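Okay, here's what each chain looks like letter by letter:
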Amino acid sequence: MANDTPLRDYGSNKPNIETIVDALDFAADLSPDQTAIICGDDRISYRQYRHAVAAFAHDLKKFDCRGKRIVVLMGNSIETSVAIYAVWAAGGVLVMLNPMYTENELGPLIADADPCAVICASALQDKIVPIATGAGVENVVTLGPGATVFSDWLALEERKLPEPRPAAQDAASLQYTGGTTGLPKGARHLHSGIVETTRQIDWAWVEKPGGHIWLDVAPQFHIWGLCMTALVPTYARDTLVLIKEFQPAQVLDAMARHKVTMFAGGPAPIFHALMGQPEFRGTDFSSLRLVGGGGSPFAFETFRAWEAVTGCSINQGLGMSEAAPLALNPCHDENRLGTCGPPCPGTEIEVVDLATGNTILPQGEDGEFRVRGPQMMQGYWRRPEETAHTMREGWIYTGDIGHLDEAGYVVIVDRKKEMAIVNGYNVFPREIDEVLFAHADIQEAAAVGTPSDKTGEVIHAYVVPREGAALTEAEVIGHCQQNLAPYKVPAMVIVVDQLPKTPAAKIDKMELRQRSLDA
């Protein structure tokens, strides 16, 4: 069913910008002394932020980078934030890759991106230079301890941002997708789409300019981390507390010490890790007003347990590397737990049949979500066949299965590729995850489908017990038998100390499926 509600407007009093570089310029003009980023013991104001970006951008221009890709391989830091904006200010196309990737993973990606330069952390120089050289990239710039740090840029004479600025229809980024088989695909975004992404999140989660202190734990190379560190806080002229590496106890300490008002938590495992800390119940959450969640399914038990201690609910959203965000539970309207909220401004969402993708289904009936809006990618970099499969007649087919509820809010049931077929029945592992999470002694859980000669597929469940609990396979299966139809009950339950995670902190179900295949 198509979304029949009117497309939402952003409202008045929002900066009219052509690219996100303009947002940094506005922030430095309007709030020059406002703290932009706090990272460990370092901090930088908006005036200093623009100063550093301008200095680095002028340096990057020597690579004749306008319209060309520049790879960034950095962990979370002020230098990374400066590099992101400097690439854009210099007219380059930002390609952020996971700095934890091995040589075997990075080589094909750098070759695919075909960059004019690579910016990497100084600690990675010995690994990256040979890879870049092998891909024909001569220019490698190192940042961080032992190389250039943000104070070095601030020590230079202040300069204006380079001219001409990038235009709205210029290419801005390649956002490589993760969690798929084969070489990840680079979603190609324009500057206009980056601005729309920023304004949509701002519409949902920002109350007024300069009104929030954000805390982000997601890596900046991930689409969530990019949005919640470089884009929205800058557009809103807010202060960002940037966590270099996710350490739950340190995150809780930073949340209380900096009186964080907006926690950009991300996937559910982040919340589970925080709630599993002994310090969680004693942390001062009194300043917290908004919590953002997304990137993975959330069990109702997770919502309940988090709010019981923090007094703050989780506003869940939906997005993907190809188009983010798509739907968000806004802070100024109803937060419907278990949903991803209404479509964002300018965004249309329909639910279509799984077989053909052409028949629009009635409200409440599960199918595949297809979306279109101004934040969409232009296509996959150098992948015409994959682009044609994902983008059809102006729609992106998301691979997410679910429905629109009576209020037009998005309800995700599962990922299309994770659906299992057991004895001819469609089984959505997320439904089993919900049942597992409801068990009092289970901290984390994930169900996956695995091939079976008898039934086509069977369900295997991986569970992590709460501290001090003793779980058995028979106990968990008995719990499932009481709450699920027989064909949905796991054929096997594996009790583990921890579940594998992707770099974006999602549960790595691909790894779990492989474990089941290897068993």
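Let me begin by describing the structure that accompanies this report.

Procedures and definitions
- Each residue is numbered by its place in its chain's sequence as written, counting from 1.
- The model is predicted, so local features are restricted to residues of pLDDT at least 70 and side-chain atom pairs to those at 80 or more, both for listing and for counting; the totals for chains, interfaces and linings are taken over all residues.
- Side-chain numbers come from the whole structure's heavy atoms, not from hydrogens or water.
- Whenever a carboxyl oxygen of Asp or Glu lies within 4 Å of a side-chain nitrogen of Lys or Arg, that contact is scored as a salt bridge.
- Secondary structure follows DSSP: runs of H or I at least 4 residues long count as helices, runs of E at least 2 residues long count as strands, and numbering of each begins at the N terminus.
- Each residue is assigned to one of three classes by its accessible area relative to the maximum for its type, calculated with a 1.4 Å probe on protein chains only: buried under 20%, partly exposed between the two thresholds, exposed over 50%.
- Pairing between two strands is assigned when DSSP locates at least 2 bridges connecting them.
- The angle between two axes is taken between their N-to-C directions and runs from 0 to 180 degrees, where each axis is a line fitted to C-alpha atoms and a helix contributes only its stretch in contact.
- Any two residues having at least one pair of non-hydrogen atoms within 4.5 Å are treated as being in contact.
- Throughout, the protein atoms alone are placed on a 1 Å grid, and a set of points is a cavity if a 1.4 Å probe fits but cannot get out or a pocket if it is open with protein on both sides within 12 Å along at least five of seven lines; lining residues have an atom within 4 Å of a point.
- Grid points are joined across faces, edges and corners, and a volume is the space filled by probe spheres set on the points.
- Think of a polar contact as two N or O atoms within 3.5 Å of one another; within protein, one of them needs to be a possible hydrogen donor and the other a possible acceptor, and neighboring residues in sequence only count if both atoms come from side chains.
- Throughout, nonpolar core names a set of buried Ala, Val, Leu, Ile, Met, Phe, Trp, Tyr and Cys residues whose side chains join them through atoms within 4.5 Å.
- We call a crossover right-handed when, viewed with both strands directed away from the observer, the connection leading from the first strand over the helix to the second proceeds clockwise.

### A few points about the pattern of salt bridges
In this structure the tally under the stated criterion is 24 salt bridges. Its salt-bridge partner being Asp-114, residue Arg-69 comes within 3.9 Å of it at the nearest N-O pair. With a gap of 45 residues between them, Arg-69 in strand S3 (residues 69–73) and Asp-114 in the loop between helix H4 (103–113) and strand S5 (117–121) connect regions that are remote in the sequence. Given a relative accessible area of 13%, Arg-69 falls into the buried group. A salt bridge links Arg-382 to Asp-114, with the shortest nitrogen-to-oxygen separation between them at 3.4 Å. Of this pair, Arg-382 sits in the loop between strand S17 (379–380) and helix H12 (384–390) while Asp-114 sits in the loop between H4 and S5; the two residues are 268 residues apart in sequence, bridging distant segments of the chain. Classification of Arg-382 as partly exposed rests on a relative accessible area of 49%. When salt bridges that share partners are traced, they join Asp-22, Asp-25, Asp-29, Arg-50, Glu-163 and Arg-165 into one network.

### Some points on helix H8 (residues 223–235)
Structurally, the α-helix is built with 3.6 residues per turn, so residues lying three or four positions apart point the same way. Counting buried positions along H8 gives 13 out of 13 residues, so the element sits mostly inside the fold. Among the residues trailing H8, Arg-237 stands out with phi positive, at a value near 60°.

### Focus: the sheet that holds strand S23 (residues 442–452)
Reading across from one edge, S23-S24-S25 is the order of the three strands in this open sheet, with mixed pairing throughout. The open sheet is flanked by S23 and strand S25 (492–495), the only strands paired with a single partner. Strand-to-strand, the axes of this sheet are offset by a mean angle of 25°, without reference to chain direction. With four bridges joining them, strand S24 (residues 456–465) and S25 adopt parallel strand pairing. Paired with His-460 across the two strands is Met-492, which belongs to S25. Contacts from helix H13 (residues 429–437) reach S23 and S24, with the element oriented near 145° to S23.

### Details of the sheet that holds strand S2 (residues 42–45)
Taken together, eight strands build an open sheet; the order of strands is S2-S1-S10-S9-S11-S12-S13-S14 and the sheet is mixed. The sheet is open, and its two borders are formed by S2 and strand S14 (323–328), each paired with just one other strand. Averaged over neighbouring strand pairs, the angle between their axes works out to 20° when direction is ignored. In terms of strand pairing, strand S13 (residues 315–320) meets S14 through three bridges, oriented antiparallel.

### Focus: empty space enclosed by the protein
Applying the stated rule across the entire model yields one cavity of 30 Å³ or more. Estimated volume of the largest cavity: approximately 50 Å³. In terms of lining, the largest cavity is formed by Ser-173, Gln-175, His-189, Ile-194, Thr-197, Ile-223, Leu-226, Cys-227, Ser-321 and Ala-324. Within the residue set of the lining of the largest cavity, elements represented by two or more residues are strand S7 (171–176), helix H7 (191–205) and H8.

### What about the pairing of S13?
Of all six residues in S13, five are buried, a share of seventy percent or more. Where strand S12 (residues 290–293) lies against S13, two bridges are found, and the strand directions are parallel. Residue pairing for S13: Gly-293 is matched across the bridge by Gln-316. In this antiparallel pair of consecutive strands, S13 and S14, the connection spans two residues.

### A short note on the environment of Arg-66
When you line up the elements, Arg-66 lands in the loop between helix H2 (46–60) and S3. The spacing of Arg-66 and Arg-281 is 215 residues in sequence and 50 Å in space, taken between C-alpha atoms. For Arg-66, the residues in contact, after removing those within four places along its chain, are Ala-90, Gly-91, Pro-164, Arg-165, Pro-166 and Asp-170. Among the polar contacts made by the side chain of Arg-66, one reaches the main-chain carbonyl oxygen of Pro-164 at a distance of 3.2 Å. A distance of 3.1 Å separates a polar side-chain atom of Arg-66 from the backbone oxygen of Arg-165.

### Notes on the nonpolar core
Core analysis: the largest hydrophobic core is formed by 93 residues, its most contacted members being Tyr-49, Phe-56, Leu-73, Trp-88 and Ile-119. Contact partners of Trp-88, with chain neighbours within four places excluded, come to Ile-20, Val-21, Leu-94, Pro-166, Ala-172, His-191, Ile-194 and Leu-231. Judged by nonpolar contacts, the second largest core, of 26 residues, contains Leu-215, Ile-243, Phe-263 and Phe-298.

### Things to note about the pairing of strand S6 (residues 140–143)
Summarising the sheet, S5 and S6 pair through four bridges and their orientation is parallel. Among the inter-strand pairings, Val-118 is bridged to a residue of S6, identified as Val-140. With helix H5 (residues 125–134) bridging S5 and the parallel S6, this β-α-β connection has right-handed handedness.

### Observations regarding unusual backbone geometry
Look at the link from Glu-163 to Pro-164: it is a cis peptide, with omega at 0°. Positionally, Pro-164 belongs in the loop between helix H6 (150–154) and S7. Residue Pro-325 is reached from Ala-324 by a cis peptide bond, and omega for that bond is -10°. Along the chain, the position of Pro-325 falls in strand S14. Within the chain, Asp-64 stands out as a residue other than glycine whose phi angle is a positive 50°. By relative accessible area, Asp-64 is classed as exposed at 51%. Residues other than glycine seldom take positive phi values, yet Arg-237 does so here, at roughly 60°. Of note, Arg-237 is situated in the loop between H8 and strand S10 (239–242). Overall, Arg-237 belongs to the buried group, its relative accessible area being 19%.

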